[in-house]
Amino acid sequence: MKLGVNIDHVATLRQARGTVYPDPLDAAILCGRAGAHGITAHLREDRRHIQDDDIFRLKELQPLPLNLEMANVESIIEIALNVKPAEVCLVPEKRQELTTEGGLDVVAHFDAIQPTVQCLSEAGIEVSLFVDADEMTIAACKDTGAPVIELHTGTYCDAEPNDRAVHMEQLIRSADYAHSLGLKVNAGHGINLENLGGILCIPHLDTLNIGHSIICRAVFQGIEGAVKEMLVGMQEYEG
Ligand code: PXP
């Protein structure tokens, strides 16, 4: 299983003071040195952390594949087509949210999502859809032609440990179902060293995308240390 490190919150620190540091590109290079397999960045419509220029530099100036998280809106699609990241993960986006809340409603928004999947795929970008663990939604993902889903693990991760079992059952069922449809399965949101053990019970995972907890640990451990300790935890995965 691979680790994609989301470096948005390096840019959050930078934007807090309007400085040129810390640079998410420097962070991405260090993540690569520590063994991360990919870099994820979310270009939000409100540009609260990652800026357009960051995306171009992350694509050109560091060696890991870039996974661009983005909303399904025309202006950002245009940027994606210019940058051509290895992967785009389509996410729902609300201006007031602290972070991505809930997965894409692919059933309700199928007619808007399918053409975007097609257009990005034709440009050679692997498209992933960030969705809740729900079989009807996953079936709709398959119908869009997207080859990848990212299961939203936030509900599981944010639940009290005693309440997590029901969410885990749903994640396991959804991963099995997506795999049976031939979809590649990633997972992300809210994953940290404390809840990682549970996440490792989800079958068929290709990549975990982890941001906030790694950047928080980096304050004390350095970012290479934070990436390495996550990779050590992930070694237990049996698939
Ligand atoms: N995957 C997706 C689609 C996300 O939107 C986010 C948050 O930007 C993450 C993964 C990473 O979540 P976290 O920062 O909680 O690790």
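Rules of the game
- All residue numbers refer to positions counted from 1 along the written sequence of the respective chain.
- Residue-level local features of this predicted model are given only where pLDDT is at least 70; pairs of side-chain atoms are given and counted only at 80 or more, and the full residue set underlies all totals for whole chains, interfaces and linings.
- Derived side-chain values reflect all non-hydrogen atoms in the structure, with water molecules and hydrogen atoms excluded from consideration.
- By definition, any uninterrupted DSSP run of H or I lasting at least four residues is a helix, any uninterrupted run of E lasting at least two residues is a strand, and each is numbered from the N terminus.
- Two things to know: the radius of gyration comes from C-alpha atoms, and the globule rule equals 2.2 Å times the number of residues to the power 0.38.
- Only protein chains enter the accessibility calculation, which uses a 1.4 Å probe. A residue is then buried if its area is under 20% of the maximum for its type, exposed if over 50%, and partly exposed in between.
- Only heavy atoms matter for contacts: two residues are in contact if any of them lie within 4.5 Å across the pair.
- Only the protein chains shown count as cover for residues, and all accessible areas are computed by the Shrake-Rupley method using a 1.4 Å probe.
- Counted charges follow a simple rule, with Lys and Arg positive, Asp and Glu negative, and His plus the chain ends left uncounted.
- To locate a charge, take NZ of a lysine, CZ of an arginine, CG of an aspartate or CD of a glutamate.
- By convention, a stacked pair of Phe, Tyr or Trp rings (six-membered ring in the case of Trp) has centres within 6.5 Å and planes under 30 degrees apart, an edge-to-face pair has planes over 60 apart, and any other such pair is tilted.
- Lysine NZ or arginine CZ positioned within 6 Å of the ring centre and within 35 degrees of the ring normal marks a charge as sitting over the ring.
- The pairing criterion is simple: DSSP has to find at least two bridges between the two strands.
- Crossover handedness is defined by viewing with both strands directed away from the observer: a clockwise path from the first strand over the helix to the second marks the crossover as right-handed.
- Every case where a carboxyl oxygen of Asp or Glu lies within 4 Å of a side-chain nitrogen of Lys or Arg is listed as a salt bridge.
- Every axis corresponds to a line fitted to the C-alpha atoms, with the helix fit spanning only the stretch in contact, and the corresponding angles, defined between N-to-C directions, vary from 0 to 180 degrees.
- For our purposes a nonpolar core is just a set of buried Ala, Val, Leu, Ile, Met, Phe, Trp, Tyr and Cys residues, chained together by side-chain atoms within 4.5 Å.

Engineer: How should the overall build of the chain be read in this particular structure?
Structural biologist: In terms of helices and strands, the chain carries 11 helices and eight strands. Here the chain has a C-alpha radius of gyration of 17 Å; the compact-globule value for 239 residues is 18 Å, and the two agree. Along the first, second and third principal axes, the C-alpha set of the chain runs to 45 × 40 × 30 Å. The 239 residues of the chain split such that 50% are buried. Expressed as a percentage of contacts within the chain between residues at least 6 apart in sequence, the contacts between residues at least 24 apart total 67%. Summed over all atoms, the accessible surface of the chain reaches about 10800 Å², with 52% contributed by carbon and sulfur. Separation between the mean location of the 18 positive side-chain charges and that of the 36 negative ones in the chain comes to 6 Å.

Engineer: Mind showing me how you'd approach the packing of aromatic side chains here?
Structural biologist: Aromatic rings considered in pairs are described by the distance between their centres and by the relative angle of their planes. In total, this model carries zero aromatic pairs according to the counting rule given. Arg164 extends its terminal NZ or CZ atom over the ring of Tyr156, reaching a point 5.5 Å from the ring centre.

Engineer: What's the story with the pairing of strand 6 (residues 148-152) in this structure? I'm lost.
Structural biologist: Two faces make up the sheet, and in a regular strand the side chains alternate between them. Counting buried positions along strand 6 gives five out of five residues, so the element sits mostly inside the fold. As defined by bridge partners, strand 5 (residues 126-131) adjoins strand 6 across four bridges and the pair is classed as parallel. Counterpart to Phe130 in the pairing with strand 6 is Glu150. On the question of chirality, the crossover connecting strand 5 to the parallel strand 6 by way of helix 6 (residues 135-144) is right-handed. With five bridges joining them, strand 6 and strand 7 (residues 184-188) adopt parallel strand pairing. Note on strand 7: the bridge partner recorded for His152 is Gly188.

Engineer: How should I be thinking about the pattern of salt bridges in this particular structure?
Structural biologist: Side-chain pairs of opposite charge can arise whenever the charged atoms involved come near each other. The tally for this structure, following the rule as stated, stands at 12 salt bridges. One salt bridge in this structure joins Asp54 and Arg57, with 3.2 Å as the shortest N-O distance. Residue Asp54 and its partner Arg57 are located together in helix 3 (residues 52-60), separated by three residues, close to a single helical turn. The two residues Asp54 and Arg57 agree in class, both being buried. Put simply, Arg14, Asp23, Asp53, Asp54 and Arg57 are held in one network by salt bridges that share partners.

Engineer: Would you take a moment to explain the sheet that holds strand 7 for this structure?
Structural biologist: The sheet built from eight strands closes into a barrel, its strands ordered 1-2-3-4-5-6-7-8 with parallel pairing. When the angles between neighbouring strand axes are averaged without regard to direction, this sheet yields 25 degrees. Each of strand 6 and strand 7 touches helix 8 (residues 164-180); the most contacted strand, strand 6, lies at about 175 degrees to it.

Engineer: Just to check I follow, could you spell out helix 3 for this structure?
Structural biologist: Note on helix geometry: an α-helix contains 3.6 residues per turn, so any two residues three or four positions apart are oriented the same way. Buried residues of helix 3: Asp54, Ile55, Arg57 and Leu58, and no others. Where helix 3 is buried, its residues touch helix 1 (8-17), helix 2 (24-34), strand 2 (38-42), strand 3 (66-70) and helix 4 (74-83).

Engineer: Is there a simple way to explain unusual backbone geometry in this structure?
Structural biologist: For the bond from Tyr21 to Pro22, the omega torsion is -5 degrees, close enough to zero to count as cis. Examined against the element boundaries, Pro22 turns out to sit in the loop between helix 1 and helix 2. Located in the positive-phi region is His189, a residue other than glycine, with phi close to 110 degrees. In this structure, His189 sits in the loop between strand 7 and helix 9 (196-199). A positive phi angle, near 65 degrees, is found at His204, a position not held by glycine. Inspection of the secondary structure assignment puts His204 in the loop between helix 9 and strand 8 (205-210). Taking relative accessible area as the criterion, His204 reaches 28% and is therefore assigned partly exposed.

Engineer: Got a minute to help me understand the nonpolar core in this structure?
Structural biologist: General note: in soluble globular proteins, nonpolar side chains tend to be found buried as a group. Counting residues in hydrophobic clusters, the biggest one holds 71 residues, and the most contacted among them are Leu3, Ile7, Leu90, Leu129, Ile149, Leu208 and Val227. A per-element tally of this core places helix 11 (residues 223-234) first, with six residues. Residues within four places of Leu90 in sequence aside, it is in contact with Met70, Ala71, Asn72, Leu104, Ile113, Thr116, Val117, Val127, Ser128, Leu129 and Phe130.

Nothing here speaks to function; it is geometry throughout.
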